[in-house]
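Listed below are the residues making up each chain.
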Amino acid sequence: MGRTRAKDTEHPRAKLDHGGFALITPSEFTSGYELIVDDTPQSHVDLEDPTHLHFEYVMRMGAVIDQLTSAGAPLTAVHLGAGALTVPRYIEATRPGSRQQVIEWEAPLAALVREHLPLPRGAAIRIRIGDARAGVQKLPPALTGACDLVVSDVYSGAQTPAHLTSVEFYRELSDLLAPTGVLLVNVADGPGLAFARRQVATIAHVLPEVALLADTQVLKGRRFGNLVIAASTSPLPSEWLPRMLAAGPHPAKIAQGAEVTAFAKGARIVTDADAVASPKPDASIFLR
């Protein structure tokens, strides 16, 4: 899966606990570096400019994060899935003084990133090793009800593990949120969007205010891609929309209210008893 890369063995790499490999390589498309896990591009990082968000779905996450609380104010955030720490770096750059906790399953991956893509000096970003769901239950009690932001972006290879897609899991995440806190979930799905529709129905069962951000063709279910689900107990202000749409990437679509209800209509809520991993993308999705 993925595009061909010459001389990959010359780039920093680590054998992961699950048996695959993580690789850091200069980006073929822009400045900075990409983290490749089992031939799947997982993260892009620009050490010279942490505000440079190359992947489209991460740009959409950044657009939401920019609207949280007061502009530039520090955030309290929990991130499930470290990757190359793109979003924590973005928050540290745009909101100095933020307190961030990151939970990553793969210790070798975290060590690889720390060594070859070091975090900014003095950044208050703590990395915890372990399963995302178990890790949430072990977070400091002071974080309960205190998080401005929770990000769930966990992939084993190219798929989200089943136990991180259920209503029980999202209830645990919702307990972390402050009254105006926002949950961001990265969902990958293909034509028909059956998995994404169930995820929206499940999250909406826990957090009543939901918005969807995606490429127009992805949201219409015409091709495989990433959808960002933003959810909260508090209304997601409509004044966000022009700024987020203007931020790109384009063509962009943001669905709220009746559109979200229609999107999830008839979709069954996911429980621990029937949860499945997200669909595996076709290899061509990474041939950018």
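Small disclaimer: the values here were computed from a predicted structure and weren't measured.

Enquirer: Hey, could you run me through the overall build of the chain in this one?
Expert: Regarding its fold elements, the chain presents nine helices and 12 strands. What you see for the chain is a C-alpha radius of gyration of 18 Å, in line with the 19 Å of a compact globule of 288 residues. By principal-axis analysis of the C-alpha atoms, the chain measures approximately 50 × 40 × 40 Å. Here the chain holds 288 residues, and 53% of them are scored as buried. Expressed as a percentage of contacts within the chain between residues at least 6 apart in sequence, the contacts between residues at least 24 apart total 70%. Carbon and sulfur atoms provide 54% of the accessible area of the chain, an area that totals close to 12,400 Å². Placing the 27 positive and 30 negative side-chain charges of the chain at their respective mean positions leaves the two points 3 Å apart.

Enquirer: Looking at this structure, how should I read the sheet that holds strand S7 (residues 125-129)?
Expert: The pairing of strands in a sheet comes from backbone hydrogen bonds and takes either a parallel or an antiparallel form. Spatially, S7-S6-S5-S8-S9-S11-S10-S12 is the arrangement adopted by the eight strands of the open sheet, whose pairing is mixed. If you trace the sheet from one side to the other, it starts and ends with S7 and strand S12 (252-256), each paired once. Sheet twist, expressed as the average angle between the axes of neighbouring strands with direction ignored, equals 15°. Across five bridges, the pairing between strand S10 (residues 209-215) and S12 is antiparallel. Residue Asp215 lies in a different strand from S12, and its bridge partner there is Ala252. Strand contacts of helix H2 (residues 86-94): strand S5 (76-80), strand S6 (99-104), S7 and strand S8 (147-152), with the helix running at about 175° to S6, the strand carrying the most contacts. Contacting S6 and S7, helix H3 (residues 107-116) crosses the sheet at an angle of about 150° to S7.

Enquirer: Looking at this model, I keep getting lost on the pairing of strand S3 (residues 33-37). Mind explaining?
Expert: By the criterion of burial, S3 is predominantly enclosed, with four of the five residues buried. Bridge analysis of strand S2 (residues 21-26) against S3 gives five bridges, and the strand direction is antiparallel. Across the sheet, the residue bridging to Pro26 is Tyr33, located in S3. The hairpin formed by S2 and S3 contains six residues between the paired strands, and Gly32 there has a positive phi angle of roughly 95°. Two elements, S3 and strand S4 (residues 40-45), share five bridges in a ladder whose sense is antiparallel. Within S4, the position partnered with Val37 by the bridge is Thr40. Here S3 folds back onto S4 in antiparallel fashion, the turn holding two residues, of which Asp38 has a positive phi close to 50°.

Enquirer: Would you mind showing me how to read the nonpolar core here?
Expert: What tends to happen in soluble globular proteins is that the nonpolar side chains get buried as a cluster. In this structure, Leu80 and Leu183 are the most contacted members of the largest nonpolar core, which totals 40 residues. Element by element, the count of residues in this core is highest for helix H6 (residues 194-206), at six residues. When neighbours within four sequence positions are excluded, Leu80 is seen to be in contact with Ile103, Ala132, Val136, Val151, Ser152, Asp153, Val154, Phe169 and Leu173. Counting residues in each nonpolar core, the second largest holds 26 residues, with Val58, Leu68, Leu75 and Leu184 among its members.

Enquirer: Is there a simple way to explain unusual backbone geometry in this structure?
Expert: Peptide bonds are trans in most cases, and residues, glycine excluded, mostly fall at negative phi. Residues other than glycine seldom take positive phi values, yet Asp38 does so here, at roughly 50°. Note on placement: Asp38 falls in the loop between S3 and S4. Residue class for Asp38 comes out partly exposed when judged on its relative accessible area of 29%.

Enquirer: Sorry if this is basic, but what is going on with helix H1 (residues 56-65) here?
Expert: The periodicity of an α-helix, 3.6 residues per turn, causes residues three or four places apart in sequence to face the same way. Here H1 lies mainly inside the structure; eight of its 10 residues are buried. Where H1 is concerned, the buried positions are Tyr57, Val58, Arg60, Met61, Gly62, Ala63, Val64 and Ile65.

Quick notes on the rules
Residues numbered from 1 in each chain as written. Predicted model: local features only at pLDDT ≥ 70, side-chain atom pairs only at ≥ 80, totals over all residues. Heavy atoms only, no water. Helix = DSSP H or I, 4+ residues; strand = E, 2+ residues; numbered from the N terminus. Rg over C-alpha atoms; globule rule 2.2 N^0.38 Å. Buried < 20%, exposed > 50% of the residue type's maximum accessible area, 1.4 Å probe, protein only. Contact = heavy atoms within 4.5 Å. Areas by Shrake-Rupley, 256 points an atom, 1.4 Å probe, with all protein chains shown as cover. Lys, Arg positive; Asp, Glu negative; His and termini not counted. Charge placed at Lys NZ, Arg CZ, Asp CG, Glu CD. Pairing = 2+ DSSP bridges. Axes fitted to C-alpha atoms, helices over the stretch in contact; angles between N-to-C directions. Core = buried A, V, L, I, M, F, W, Y, C linked by side-chain atoms within 4.5 Å.

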